[in-house]
Amino acid sequence: MTRWDVVIAGAGPAGSATALLLARAGMRVLLLERARFPREKPCSEYLSPETTRLLERLGVLAEVEHSAHAKLYGMKVVAPSGAAMYGGFSAGHGYAPPRPYGFALPRRRFDAILLDAARRAGAEAHEETAVEDLLYDAGAVGGVVVRRGGGTRETYRARVIVGADGLRSIVARRLGVRRASLPRRLAFTAHLEGLAGVEAMGEMHIGRLGYVGLGPIGEGVSTVALVLPLRVVREEGGRRDYRAGFLAELERFPGLRGRVEGARIVREVLATGPFATWSRRPVADGGGALLVGDAADFFDPFTGQGIYSALRGAELAFETLVPALAADGPVTRGALASYVRARRAAFAGKWVLERLIGLGVGWPALAERVVRRLARRPGLADLLVGATGNFVPARAALAPAALAGMLW
Ligand SMILES: Cc1cc2nc3c(=O)[nH]c(=O)nc-3n(C[C@H](O)[C@H](O)[C@H](O)COP(=O)(O)OP(=O)(O)OC[C@H]3O[C@@H](n4cnc5c(N)ncnc54)[C@H](O)[C@@H]3O)c2cc1C
């Protein structure tokens, strides 16, 4: 039986990027993916401007650019009353994004670009292969049990298992590190043609219950996500069909009224959630495994940073795994400790910012106040939008003067 250096569960952005980087460095990498590609993923399909730099390092930027896409130059946020603020990516605050825009394209195409690149780098990838369980050697994770599309069970052994299997990560659950936290929300996402008033920017519409994120993704198609509190959907006990009534639901938001009249759904409505979920720690207690992307943590989609986190997390995992695998013997929890530290250093500010924003949008009066303040203070709006675009350090948006300017 082949003993792999690394087996990765999940070929989304986190798994494919980790596979690509490790295979390029000469590791024997096996990537296991439950779905058959190309596959859909419920998402707003926008890549934050800083993600462009990561795509370049991964060697896939040209392919993304040559693929049909839209360019988003900033973000508009509409409060429950209809009051709106706009923040641009290109601004006078002294922090420059790699390009003045972020790309937006269907995940069906973007994720396939990354998986193909991982294969070209030398990773072996098996689709329609779901990881079901972990195998242990003397307390450390040492392999996986999978079920193939046809129903057969197989095992694969590796020195390290990477859990990149998304929001409902089986690897994180088997490691016993999975936790849930507030806010508890669900999302319904669809592709629309004919949505009126769509410009080269992302739009976030905050309502009394939930919010909508939307934007163009190229070829005249807009991607639209309706995010609702889990409590509301549960209380309705299945009486309301959010898939069938998707377009009508959008009419509840002042900034969308009248815009959906000529629109039609061109890709089925997909549901996902609940979030927020996070992992107590992103490495196995006994060593031999780590978590990347949503498997490690996913808070809320409002700030649209999940793909950046997945790709940046893959780079951090790579930086820890190369020296850990170069040494003989088991890859202990100690050998993976640098990954935990690197994630904290890279993401601590982002975690605080996305939690403040994610919780704040659940409080309509607060959202109203902040949007109105930022509409009057465009410099501050640019700074906040730049921080969610990952090229302005989160600490700049979290500075006391900036926070005060958003509230008073
Ligand atoms: C409504 C919504 C809107 C969003 N909008 C944005 C946005 O605009 N921009 C942005 O950057 N982020 C956005 N996000 C977040 C983004 O979608 C995720 O953070 C990102 O997809 C994480 O990548 P990943 O590789 O960790 O997980 P995923 O993309 O979920 O990939 C996980 C892969 O693992 C596979 N898998 C699952 N279980 C198994 C198993 N047992 N065995 C093998 N394979 C398995 C899945 O099939 C999948 O291919 C949004 C999220 C939601 C919910």
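Computed from a predicted structure; not experimentally measured.

## Quick word on the overall build of the chain
Logical step 1: When helices and strands are tallied, the chain shows 13 helices and 17 strands.
Logical step 2: Relative to the compact-globule value of 22 Å for 408 residues, the chain shows a C-alpha radius of gyration of 21 Å, a close match.
Logical step 3: The principal-axis extents of the C-alpha atoms in the chain amount to approximately 60 × 45 × 40 Å.
Logical step 4: A total of 408 residues make up the chain; the buried ones form 53% of that total.
Logical step 5: Here the analysis covers contacts within the chain between residues at least 6 apart in sequence; of these, 75% occur between residues at least 24 apart.

## Remarks on the site of the ligand
Logical step 1: Neighbouring the ligand are 39 residues; Gly-10, Gly-12, Gly-166, Gly-293 and Gly-306 lie closest to it.
Logical step 2: Where the shell around the ligand is concerned, the elements lending two or more residues are helix 1 (13–24), strand 8 (129–137), strand 11 (178–193) and helix 8 (306–326).
Logical step 3: Ranked by the residues each element gives to the shell around the ligand, the list is headed by helix 8, at 4 residues.
Logical step 4: For the shell around the ligand, the per-class residue count stands at 22 nonpolar, 11 polar and 6 charged.
Logical step 5: Two domains each donate at least three residues to the shell around the ligand, and these are domain 1 (3–43 + 101–179 + 277–355) and domain 2 (185–275).

## What to know about the domain arrangement of the chain
It is common to report an interface's size as the accessible area lost on association of the parts.
Logical step 1: Segmentation of the chain into domains returns domain 1 (3–43 + 101–179 + 277–355) and domain 2 (185–275).
Logical step 2: The centre of domain 1, based on its C-alpha atoms, is set 29 Å off from the matching centre of domain 2.
Logical step 3: In this complex, domain 1 contributes 14 residues to the contact, which on the side of domain 2 involves 18 residues.
Logical step 4: Broken down by class, the residue content of the side of domain 1 that touches domain 2 amounts to 10 nonpolar, 2 polar and 2 charged.

## Remarks on the sheet that holds strand 11
Logical step 1: Read from one edge to the other, the open sheet built from 8 strands follows the order 5-4-12-13-14-11-15-17, with strand pairing classed as mixed. The open sheet terminates on both sides in strands that have one partner only, identified here as strand 5 (84–88) and strand 17 (297–298).
Logical step 2: Relative to strand 14 (residues 221–229), strand 13 (residues 211–216) runs antiparallel, the two sharing 6 bridges. Following the sheet pairing, Tyr-211 is matched in strand 14 by Val-227.
Logical step 3: Running at roughly 65 degrees to strand 5, helix 11 (residues 378–388) makes contact with strand 4 (74–78) and strand 5 of the sheet.

## Regarding the nonpolar core
Logical step 1: Counting residues in hydrophobic clusters, the biggest one holds 127 residues, and the most contacted among them are Val-6, Val-29, Val-171 and Val-292.
Logical step 2: A per-element tally of this core places helix 8 first, with 10 residues.
Logical step 3: Residues from two domains meet in this core; each of domain 1 (3–43 + 101–179 + 277–355) and domain 2 (185–275) gives at least three.
Logical step 4: Those residues in contact with Val-29 that sit more than four places away from it in its chain are Trp-4, Asp-5, Val-6, Ile-8, Ala-19, Leu-22, Ala-23 and Ala-123.

## Some details on helix 9 (residues 337–360)
Owing to its 3.6 residues per turn, the α-helix aligns residues three or four sequence positions apart on the same side.
Logical step 1: Given a rise of 1.5 Å per residue, 24 residues ought to cover 34 Å, and the 33 Å separating the end C-alpha atoms of helix 9 matches this to within 8%.
Logical step 2: When the local axis directions of helix 9 are compared, the greatest deviation, roughly 55 degrees, occurs at Phe-347.
Logical step 3: Within the span of helix 9, buried status applies to Tyr-339, Arg-343, Phe-347, Lys-350, Leu-353, Glu-354, Ile-357 and Gly-358.
Logical step 4: In this fold, the buried residues of helix 9 make contact with strand 11, strand 16 (289–291), helix 8, helix 11 and helix 12 (394–398).

## Section: the pairing of strand 2 (residues 29–32)
Logical step 1: Because side chains alternate across strand 2, one face comprises the buried residues Val-29 and Leu-31, and the other comprises Leu-30 and Leu-32, equally buried.
Logical step 2: With 4 bridges joining them, strand 1 (residues 3–9) and strand 2 adopt parallel strand pairing. Among the inter-strand pairings, Ile-8 is bridged to a residue of strand 2, identified as Leu-31.
Logical step 3: For the segment spanning strand 1, helix 1 and strand 2, crossover handedness is right-handed.
Logical step 4: Relative to strand 7 (residues 124–126), strand 2 runs parallel, the two being bridged by 3 bridges. Following the sheet pairing, Leu-31 is matched in strand 7 by Ala-125.

Analysis parameters
- Per chain, the residues get numbers from 1 upward, laid out in the order the sequence is written.
- Local features are withheld for residues below a pLDDT of 70 in this predicted model, meaning they are given only at 70 or higher, and side-chain atom pairs are given and counted only at 80 or more; totals for whole chains, interfaces and linings count all residues.
- Each helix is a run of DSSP H or I of at least 4 residues and each strand a run of E of at least 2, with the numbering of both proceeding from the N terminus.
- Within these notes, the globule rule equals 2.2 Å times the number of residues to the 0.38 power, and the radius of gyration is based on C-alpha atoms.
- Counting other C-beta atoms within 10 Å of a residue's C-beta gives its exposure: the residue is buried at 20 or more, exposed at 12 or fewer, and partly exposed in between, where C-beta atoms are placed from the backbone.
- The contact rule is simple: place each C-beta atom from the backbone, and if two of them lie within 7 Å, those residues are in contact.
- Using a C-beta atom placed from the backbone for every residue, we mark a residue as near a molecule or strand if that atom lies within 6 Å of it.
- Residue type decides the class: Asp, Glu, Lys and Arg count as charged, Ala, Val, Leu, Ile, Met, Phe, Trp, Tyr, Cys and Pro as nonpolar, and the leftover types, Gly among them, as polar.
- The split of the chain into domains comes from an automatic or database domain assignment.
- Two strands qualify as a pair provided that DSSP identifies no fewer than 2 bridges between them.
- Each axis is a line fitted through C-alpha atoms, taken for helices only over the stretch in contact, and angles between the N-to-C directions span 0 to 180 degrees.
- What makes a nonpolar core is a set of buried Ala, Val, Leu, Ile, Met, Phe, Trp, Tyr and Cys residues, with links drawn between C-beta atoms within 7 Å.
- Take the number of residues in a helix, subtract one, and multiply by 1.5 Å to get its expected span.
- The quantity called bend is, for any residue, the angle between two axes fitted respectively to the seven residues ending at it and the seven beginning at it.
- With its strands directed away from the observer, a crossover is right-handed exactly when the path from the first strand over the helix to the second travels clockwise.

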